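Listed here are the chains, written in short residue letters.
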Amino acid sequence: MVGVDREDSAGGLDLALVAHLSRLARLGLTDAEMAAILPQLQAILAAVDRLQEADVSGVDATAQVGGLYDVMRDDQVEPGLSADEALANAPSHEAGLLRVPAIQ
Amino acid sequence: MSLLDLSISELGRGLRAREFSSVELAEEALARVESLDGTLGAFLRTTPELALEQARAADRRLADGADPPALCGIPIGHKDVLCTKGVETTSGSRILEGFRPPYDATVVARLAQDGAVVVGKMNCDEFAMGSSNENSAFQPTVNPWNSERVPGGSSGGSAAAVAARLAVATLGTDTGGSVRLPASFCGVVGVKPSYGRVSRYGVIAFASSLDQVGPLAKTVEDAQLVLSSIAGPDRRDSTTAAAPVGDLARALQEGVRGLRLGIPREYLEAGLEDGVRGVFESACRWLEAEGAELVEVSLPSTQYALAAYYVIAPAEVSSNLARMDGIRFGPGEPRAPSLLEAYEQARNRGFGAEVRRRVALGTFVLSSGYYDAYYLRAQKVRTLVAQDFSRVFEKVDALISPTAPTPAFKLGERTQDPLAMYATDALTLPANLAGISGLSVPAGFTSGLPVGVQVLGPYLGEAMCLRVGAVVERAADVWRRVPAGFDG
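Thresholds applied
- Residue positions within a chain follow its written sequence, with the count starting from 1.
- To label them, take the chains in the order written and letter them from A, then take the ligands in the order written and number them from 1.
- Totals for whole chains, interfaces and linings use all residues, but because this is a predicted model, local features are given only for residues with pLDDT of at least 70 and pairs of side-chain atoms are given and counted only at 80 or more.
- Strands are runs of DSSP state E lasting at least two residues, helices are runs of H or I lasting at least four, and both sets are numbered from the N terminus onward.
- The globule rule used here is 2.2 Å times the number of residues to the 0.38 power, and the radius of gyration it is set against is calculated over C-alpha atoms.
- Think of it as a crowd count around each C-beta: if 20 or more other C-beta atoms lie within 10 Å the residue is buried, if 12 or fewer it is exposed, and in between it is partly exposed, with C-beta placed from the backbone throughout.
- Any residue pair is listed as a contact if its two C-beta atoms, each placed from the backbone, are within 7 Å.
- In this analysis an axis means a line fitted to C-alpha atoms, helices contributing only their contacting stretch, and an angle means the value between N-to-C directions, from 0 to 180 degrees.
- The cut-offs work like this: below 35 degrees is roughly parallel, past 145 is roughly antiparallel, 65 to 115 is roughly perpendicular, and the gaps in between are oblique.
- Here a crossing is called left-handed whenever its near helix is offset anticlockwise from the far helix by less than a right angle, and right-handed whenever the offset is clockwise.
- Note on residue classes: Ala, Val, Leu, Ile, Met, Phe, Trp, Tyr, Cys and Pro are nonpolar, Asp, Glu, Lys and Arg are charged, and everything else, Gly too, is polar.
- A helix's residues, less one, multiplied by 1.5 Å, set its expected span.
- Pairing between two strands is assigned when DSSP locates at least 2 bridges connecting them.
- The nonpolar core is taken to be a set of buried Ala, Val, Leu, Ile, Met, Phe, Trp, Tyr and Cys residues joined by way of C-beta atoms within 7 Å.

Draft legend 1. Structural detail: the overall build of chain B. Scanning chain B from N- to C-terminus turns up 15 helices and 11 strands. Over its C-alpha trace chain B gives a radius of gyration of 21 Å, about what one expects of a compact globule, namely 23 Å for 488 residues. Over its C-alpha atoms, taken along the principal directions, chain B stretches across nearly 65 × 50 × 45 Å. Taking all 488 residues of chain B together, 64% fall into the buried category. Sequence-distant contacts in chain B: of pairs separated by 6 or more residues, those separated by 24 or more amount to 77%.

Structure below.
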């Protein structure tokens, strides 16, 4: 684990942490790409640090604004995509299954 | 003069009077795209076979005389984040090149049901992330009013095509201003419906707590007709509001006499260009002359809205875009030596700079140790932003402001500075955080560039936005102006 459990905020973003984020998010960034993105992310984080000034004591978090919870429908079987339709866009498939490189 | 210069109701009269057919209308739209879109770049692809098939069906429906819907036979375009069955849908991203969705988005299906004719898919910023259309992986779109300027984003192709009369109306999506901003920059009407008013089934997600689909059109009435077609509950999208849409057309005739309209003080502060301020002040005078009472109001948490948005939206991006793995759709890297490398290569090749930034940022703000300081705090600030709006809507019927602090900026001007690009949406994104309704309507020009006025209404207050927008439109009297080079 690199850095992610540290409690300090924007200042904690360094190349090692960018490498960790790249791995976590499967971005596959090269060294040059990481060097380029680091100052950009630092600048954005410095700007969003404005949030720390807001007085949010006693304020609830808003995750969504529609006000709907636990929307249910009857559990009825309906026709969906056929296997062929569902696989039609996959770059590699075989015998009705997705084919992927080996997990190592 | 082109048939595409006409409003939907004018075209409807012509179609019903057999002055021209829907096939002729579609052919004219396609011919205009062919001859005029080369430099504009509004379309990622045209769909001539689909268009002519739908137009022939529309002509049969019109000939049957059984009072077809207002949109029957009308040429439209869909932003490329909307799934269209069998028609390539890329979201402006290389990672979805060649993706042919096996189903239509609900909004696409509803417009088809009402007889609209799809002429193509509109260019946009990659996965709708951007304010200038320069983040499209395929091509930039330019502003029809000035080819050195951006059309705005992320629904820039949708706005430019309507302004250039290449489609009569289009759909866009608005996550932080992506319908209203390009509408303002291109001189067309754009509506951001309230969260839940329009189905997102089949809409390739950017930030699911913020995204809404909305129309772009030449007039407020045209936008209303498209909105009325697409709005309303959808059993395939559990976030749609159950409340009935009601008769939105009536709002267009109601006027503003007796309405109280608020002007948010914070929206007229730093960075507002004089030309934009001038157009906005004219709009205020027109609304007063029509009998509205204007009052200054305060939305004090506006100062934190941009920061909250650029935590919440990237967080949702990092989650939503995890599905872009090159396994089920897109070119992928099926010959990579391992699954991990397949993911990394597909995403590295497939994602552009802005998408990478947002995925990385979103991953960061959601990671343990940073979650409370960024994501949770941003969600609390989101509550403050929503409370600001609730408070003022107890006192006023709608809010008015400029849609953007500036008119369309130059191509390349903000591409090297993500923060300058983000600031473009300062006046539009608070409405997405709060989930309320909004619209941008052309109100005039500064230095030859269009300027839009934003109307914000309460949650499910689309009718109020249309009502105020229609009055601004009538007073401004600019919607028949066509950009030079597109007026043939």
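Having put the structure on the table, let's press on.
Draft legend 2. Region of the structure containing the overall build of chain A. The helix and strand tally for chain A stands at 3 helices and 2 strands. For chain A, the succession of helices and strands along the chain, N to C, is α-α-α-β-β. Across the 104 residues in chain A, those meeting the buried criterion constitute 20%. Taking as baseline every contact in chain A between residues at least 6 positions apart, the subset at least 24 positions apart corresponds to 22%.

Draft legend 3. Spotlight on the interface of chain A and chain B. If you look at the interface, chain A gives 50 residues, while chain B gives 59 residues. Of all the secondary-structure elements, those providing two or more residues to the side of chain A that touches chain B are helix H1 (15–24) and helix H2 (31–48) of chain A. Examining the composition of the side of chain A that touches chain B, we find that 7 residues originate from one element, H2 of chain A, more than from any other.

Draft legend 4. Spotlight on the packing of H2 of chain A against helix H11 (residues 353–366) of chain B. Between H2 of chain A and H11 of chain B, the least distance of the axes is 11 Å, while the angle of their chain directions is 60 degrees. Considering the angle they form, H2 of chain A stands oblique to H11 of chain B. For the crossing formed where H2 of chain A meets H11 of chain B, the hand is right-handed. Taken together, the residues of H11 of chain B that come into contact with H2 of chain A (itself represented by Ile37, Gln40, Leu41 and Ile44 of chain A) are Arg356, Arg357, Ala360 and Leu361 of chain B. The residue makeup of the contact of H2 of chain A with H11 of chain B, split by class, is 5 nonpolar, 1 polar and 2 charged.

Draft legend 5. Region of interest: helix H15 (residues 462–476) of chain B. All names here are of chain B. Taking 1.5 Å per residue as the helical rise, H15 with its 15 residues ought to reach 21 Å, and the 21 Å between its terminal C-alpha atoms agrees with that figure. The buried fraction of H15 amounts to 12 of the 15 residues, a majority that puts the element mostly inside the structure. Burial in H15 covers these residues: Glu462, Ala463, Met464, Cys465, Leu466, Arg467, Val468, Gly469, Ala470, Val471, Val472 and Glu473. After H15 finishes, the residue aspartate 477 shows a positive phi value of roughly 50 degrees.

Draft legend 6. Just the sheet that holds strand S11 (residues 449–457) of chain B, in detail. Residues and elements named next belong to chain B. With mixed pairing, the 11 strands of this open sheet are ordered in space as S1-S3-S2-S4-S6-S5-S10-S11-S9-S7-S8. Two strands in the sheet have a free side with no partner beyond their single neighbour: strand S1 (43–46) and strand S8 (293–297). For this sheet, the mean inter-axis angle between neighbouring strands, taken without regard to orientation, is 30 degrees. Strand direction decides the pairing type here: strand S10 (residues 437–446) and S11, joined by 9 bridges, are antiparallel. Considered in S11, the bridge of valine 441 is made with valine 453. On the sheet, H15 packs against strand S5 (189–192), strand S7 (260–264), strand S9 (398–402), S10 and S11 and is oriented at approximately 10 degrees with respect to S10.

Draft legend 7. Geometry of the nonpolar core. Residue and element names in this part refer to chain B. Of all hydrophobic cores here, the largest spans 182 residues; its most connected members are Val117, Ala169, Ala308, Val311, Ala360, Ala398 and Val468. Broken down by element, this core gets its largest block of residues, 12 residues, from helix H9 (residues 302–320). Residue contacts for alanine 398: discarding those within four places in its chain leaves Leu259, Leu261, Val455, Leu456, Gly457, Met464, Cys465 and Val468.

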